[in-house]
Amino acid sequence: MGDRPGALLAQAEAGEGGGQAGVAILHLIFFLSGASGLIYQVVWVREFGNVFGNTIYSAALVIAVFMCGLGAGSYLAGRWADRRYAARTGSLVIAYGRVELAIGALGFLVSLLLPRLGDVAAAISSYTRDENGWYVLSTGSYLARYAMAVALLMPITLLMGSTLTLLIRQRVRRDVGAAGWRIGVLYGINTAGAALGAFLTDYAFIPNVGLHGTQMIAVLFNVLAGFGALRLATRPAAGGSAPAPPEATRPSLVAPSGWVPLVGLAIFLAGFVAMALEIIWFRHLSALFGSFRSVLSCILTVILVGIWLGSMVGGYLHRRFGRPVLFFMAAQALFVVFTLAGLATVNGHTTVGEKFIAHQAFAGTPEWQREAIQLWILLKNVLRELGLPALMMGFTYPLANAMVQDAEGAVGRRAGVLYLANTAGAVLGSLAAGFVLLPALGMQRSVTWLALTVPLGLVALYAAARARFPPGERRRWATATLAGSLALVAGGLAAWLGLPPAHVVSGTVPLQRQSDRVLTIAEGVNGVTVVIDFSGTGRGLMTNGQSMSDTRWLGQRYMRAFAHIPLLSMEAPERALVIAFGVGNTAHAASLHPTIQRIDVVDTSREVLDHADYFAEANRGVLKDPRVSVYVNDGRHHLRLQPPATYDLITLEPPPIAYAGVVALYAREFYALAQSRLRPGGYLTQWLPAYQVPVEVTLAMVRAFVEVFPQTVLLSGVRRELILMGVNGPRIEIDPGRVRARLAAAPAVQADLDRVSLGTLRELVGTFVAPADTLVAAVESYRPVTDDNPIMEYGILSQRAQFDVHPIPGNLVNVSAVARWCPNCFVAGRPIPGLENLPAYLAIQWRDPALVGRDEDARALVGASPYLRALFPQAVDSRR
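My aim in this report is to walk through the structure given alongside it, one point at a time.

One broad trend across soluble globular proteins is that nonpolar side chains are buried collectively. Counting residues in hydrophobic clusters, the biggest one holds 261 residues, and the most contacted among them are Trp44, Tyr397, Ile650 and Trp821. For this core, the leading source of residues is helix 14 (residues 411-468), giving 20 residues. When sequence neighbours within four positions are dropped, the list of residues in contact with Trp821 reads Ile565, Val713, Leu715, Met725, Ile732, Glu733, Ile734, Leu764, Val765, Thr767 and Phe768. Judged by nonpolar contacts, the second largest core, of 7 residues, contains Val42, Ala194, Ala195 and Ala198.

This is the structure in C-alpha cells:
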C-alpha cells in the first residue's frame, strides 16, 4: 500500500485506466495551486494600492506585471521541460513540487515586505505639472514603480507561470493526439481553483483573517501542493516505468513551420479582446451594483468559472470530434454575439427595479436573507451579461493547443508560446481598454471596435487551417466555418449598431425623479462621470452610477462644515488639504478664511476635477484661485510625499465608504500618517456616513480614528451625515468668544455660514453629537479598521444602501455632554446669551419625527430654524 501513489501516477501517464486515482491526486494539487495564485493576485493589488495609491494606474501596473510574469514563466519552463523530457533526467512532477514550495517561500517573503514599502514608494515618486498647471506624478515615478513591482513580483510570478507547462509536459508526454483534452482538463482545474480562491478571498478569508492571514492561506496551499507533488512523484512505481503509448494516439500529420505562429496570433488577439472586454464588464457592472469588493469578486468568480467550464468543454469536444480549428472559430464568433447581447440587455433600469422589489418583499426578514437575495440579483445579472462569453473564452487555450501539439519534443515549448501569446494579448488589451478605448470611445463604441477585431483572429485561424491541411474536405469545412462565423459576427454587430448611441452608458445613470435632467455624461480613465440637474434645486455629481456630491443646500451644509468648524477653532490657520474634491463645496469654504494662504486639493479622478465648472455657482471657480494647488493623486500617497507638520487642516469626504479601496483613507495607518503631517494644534475632519454600513463597521471605523486622535468630537453636518473631528494637540475645544471675533473679521465666512443655516453660534455648536470619552467607551470592544483588517469593505454585498439605511449606533450619541467641547458656552451650568435653546436644539435632532410633531415647544423650535424645518417638515405642516 505504501507504493500505491507512485504506481498510480506511472500507470496514469501510461494511459492505463487503473492510474486515474493518481491523476486525480495531481489534479487536486493543481487545483490548490490555482486557488493560491488568485489569492495572491487579489491581495497584492490591494497591498500595492496602499503603497502606490488606490488608483487605476496602480492596479493596472500590478496586474500587468503579474500576467507578464505568468506568460514568460510558462514559456521558459516549457522550453526547459522539453529538454528535461528529452534527456529523461528525472520526474517533472518533482520539479513542479519544488516550484510550488519556492512559490510559497517567496509568497511569505512578499507578504512581509509589501506593507513596509510605502516610504520607499514615496522616495521614488515626484510631481510634475501638466498643461492645466495641475500636479501629476512624473514619468520617472511610474517607471520607478514599475521597476519596483517587477523586482518584487517577477520572481514569484515566473514560477507561478511555470507550473502549467511543467504539468502539461508531464501529462501529455508522447500522447500528443490527446493534448487538447489533457491540457483542457489541467487548465480547467487550475482555473476552477482560481475561481474558488477569488470567491473565498473576499467572501471569507479577508473578512475573517485579514490580508496577511489570507496570504498565509495561499502559502499553505503552495506548501500542500509542493509536498503533495513530491510525495506523489518520489514513491517507487509498482508497475515500473511507463511504456510508450500505442501508435494510434500519435497524429498522422506534422504542422508546417507557419502553423504555430498563425495560431499564436489568433490566441493573442483572443486574449486582447477578452481582457479588454473584462475591463468593460467590470466598469459596467460596477456602475450598476457598486464598486464593492463583493461585486468585483462575484464578477471575477463568474469569469473564472466560465473559463473553467469552457476549457473542459473545449477539451472534450476535441477528444470527441477532433477538428479544433472549427470549434475555435465558432467559439470566437459566439463570444462576440453573447457579449453584445449581454451588454445590450443588462441595464440599471431593470436592476434597480429588481433590487427595489426584493427590498420590499424581504424588508422584515433577517439581514442574511436580505443580503442573500441581493447577492442572487447580482449573480443573476452578472451571469446574464458575461456568463456565456466567459464560457466561450475557456475554449481558447485547449483548442489552440490541440491545433499545434503534434510534435512530442515540442509540447512544453508550444504550450508556453501559446500561453505567453495569450497573456501578452491580455495585458495589452487591458491597458488599451482602460487608458485608450474607454476614455476616447466610451463603453459602447469600444465594444464595437473590439467585436470588429475578432474577425482578424478568425482569418488567422483560417490561414492556419489552409497551411495545416491539403486541399480537400478539411479545407472546405474550415472555409464554411469561417463564412458562418463571420456571418454570425456581422449579424450580432448589425443588431448592436441599431441600439441608441448612448444605450449602455445611459443605463448606468439612475435618476431620482422624472424631472431630473442629465447635463453631461463623460467616460474617462476612472469611469463614467455624470452631472445631473435636480429640478432647479441644485446639481449632483455621479461617478460610476453612485452619487458623489451635490450642491443642494443640505449637502452644502455638512460639506462646508468640514472646513468652517475646524478653521474657526484655530488661531490663524494658513494651509489646508482637501482630499476628494467632489463639487468643490469644502475647498471653497476653506478659501473664504482670510488667513488661509494655500489649499492643496487632491483627487484621484481627473474627470471629477474637469467637471468643476458645472458647479461654479457653489464652488465659485475655486480651482482657479491662485492659492489652490491641484494634485491628481491618491490622498494617502500624497501625504507620504509631504514633509511632517505641513498642514493646519486635513479634511476629506471620500466616495461611498464601503467601496473598494476607500478603506485606505479610514485605516488607523492613514490617520497616523495624517497626524504626522499636521502642525501642532492642527485638525483633521473625516466623513462618517454611518447609515451606509452596519453598526459594528461604524464602531470599528470610529475606533481607528480615536486611537490616533484621542482628542476627538463627533459632529453632525446634517443629522446622519456625521463628521469625526480630531486635533493634533492636548485638548479639543471651541470657544464662543473667539468664534464670534473670527466671524466678525471674516464677513465672507459669515455669509457662507448663513446661507447653509450655520450662521449662528447655536447652529455651529449645535452640530455636536458626542465627546471623546463617549466614543472611546462605545468602541472599546471592537477591532479598529486597519490596512490588514479592512472590515468596512465587507459591510454590504451590493449597492443596496439606496434602499436599506443602517441605524446610527445609539451609544455614539451624547449631546448632553456638549460642555466638554464648548465649556465657555455655559456659565454655572446654564447656556450663555445667544445659546439659550442649545440643549433643546441638540436634543431635537435625534428625536423621533413623529414625536416632534406632537410637541408644541418642539414645533416652535423647528419653525424658527430653516435647518430643523428641513429635517422635520411634517412638524411644520402640523402647525398649519
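Here the narrative resumes, following the displayed structure.
With that settled, the discussion passes to the packing of helix 14 against helix 15 (residues 473-497). It is the contact of helix 14 with helix 15, at a shortest axis distance of 10 Å, that shows an interaxial angle of 175°. What the angle tells us is that helix 14 and helix 15 run roughly antiparallel. Contact residues: Gln444, Val447, Thr448, Ala451, Leu452, Pro455, Leu458, Val459, Tyr462, Ala465 and Arg466 in helix 14; Arg475, Ala478, Thr479, Leu482, Ser485, Leu486, Val489, Leu493, Trp496 and Leu497 in helix 15. Classifying every residue of the contact of helix 14 with helix 15 by side-chain character gives 15 nonpolar, 4 polar and 2 charged.

On to the pattern of salt bridges. In this structure the tally under the stated criterion is 26 salt bridges. Between Asp550 and Arg552 there is a salt bridge, with its nearest N and O atoms 3.3 Å apart. Under the relative-accessibility criterion, Arg552 is labelled partly exposed at 23%. Within the structure, one salt-bridge network assembled from shared partners comprises Arg46, Asp202, Arg293 and Glu793.

Okay, helix 27 (residues 772-779) next. What sets the pattern is the α-helix's 3.6 residues per turn: residues three or four places apart point alike. Among all positions of helix 27, only Ala772, Thr774, Leu775, Ala778 and Val779 are buried. Along the axis of helix 27, the buried residues cluster in a sector spanning 160°; they form a single face.

Glancing now at the pairing of strand 8 (residues 598-603). Across the 6 residues of strand 8, 5 count as buried, placing the element largely inside the fold. With 5 bridges joining them, strand 7 (residues 575-579) and strand 8 adopt parallel strand pairing. Opposite Ala576, over in strand 8, you have Ile599 as the bridge partner. Running through helix 18 (residues 585-591), the crossover from strand 7 to the neighbouring parallel element strand 8 is right-handed.

With that out of the way, let us pick up the side chain of Ser125. Its place among the elements puts Ser125 in the loop between helix 5 (118-123) and strand 1 (127-129). Residue Ser125 is classed as buried on the basis of its relative accessible area of 10%. Only 2.6 Å separates the side chain of Ser125 from the backbone oxygen of Ala121, close enough to count as a polar contact. Apart from residues lying up to four places away in sequence, Ser125 is in contact with Leu137, Ser141, Arg145, His637 and Leu641.

Taking 1.5 Å per residue, 25 residues should reach 36 Å; helix 15 reaches 36 Å between its end C-alpha atoms and fits that length. Restricting attention to buried positions, one finds in helix 15 the residues Arg475, Ala478, Thr481, Leu482, Ser485, Val489, Gly492, Leu493 and Trp496. Of the surrounding elements, those touching the buried residues of helix 15 are helix 10 (324-345), helix 14 and helix 16 (503-506).

Rules used in this analysis
- Residues numbered from 1 in each chain as written.
- Predicted model: local features only at pLDDT ≥ 70, side-chain atom pairs only at ≥ 80, totals over all residues.
- Heavy atoms only, no water.
- Core = buried A, V, L, I, M, F, W, Y, C linked by side-chain atoms within 4.5 Å.
- Buried < 20%, exposed > 50% of the residue type's maximum accessible area, 1.4 Å probe, protein only.
- Helix = DSSP H or I, 4+ residues; strand = E, 2+ residues; numbered from the N terminus.
- Contact = heavy atoms within 4.5 Å.
- Axes fitted to C-alpha atoms, helices over the stretch in contact; angles between N-to-C directions.
- Parallel < 35°, antiparallel > 145°, perpendicular 65-115°, else oblique.
- Nonpolar A, V, L, I, M, F, W, Y, C, P; charged D, E, K, R; others polar.
- Salt bridge = Lys/Arg side-chain N within 4 Å of Asp/Glu carboxyl O.
- Arc of directions from axis to C-beta.
- Pairing = 2+ DSSP bridges.
- Right-handed = clockwise from strand over helix to strand, strands pointing away.
- Polar contact = N/O pair within 3.5 Å; in protein donor to acceptor, adjacent residues only side chain to side chain.
- Expected span 1.5 Å × (residues − 1).

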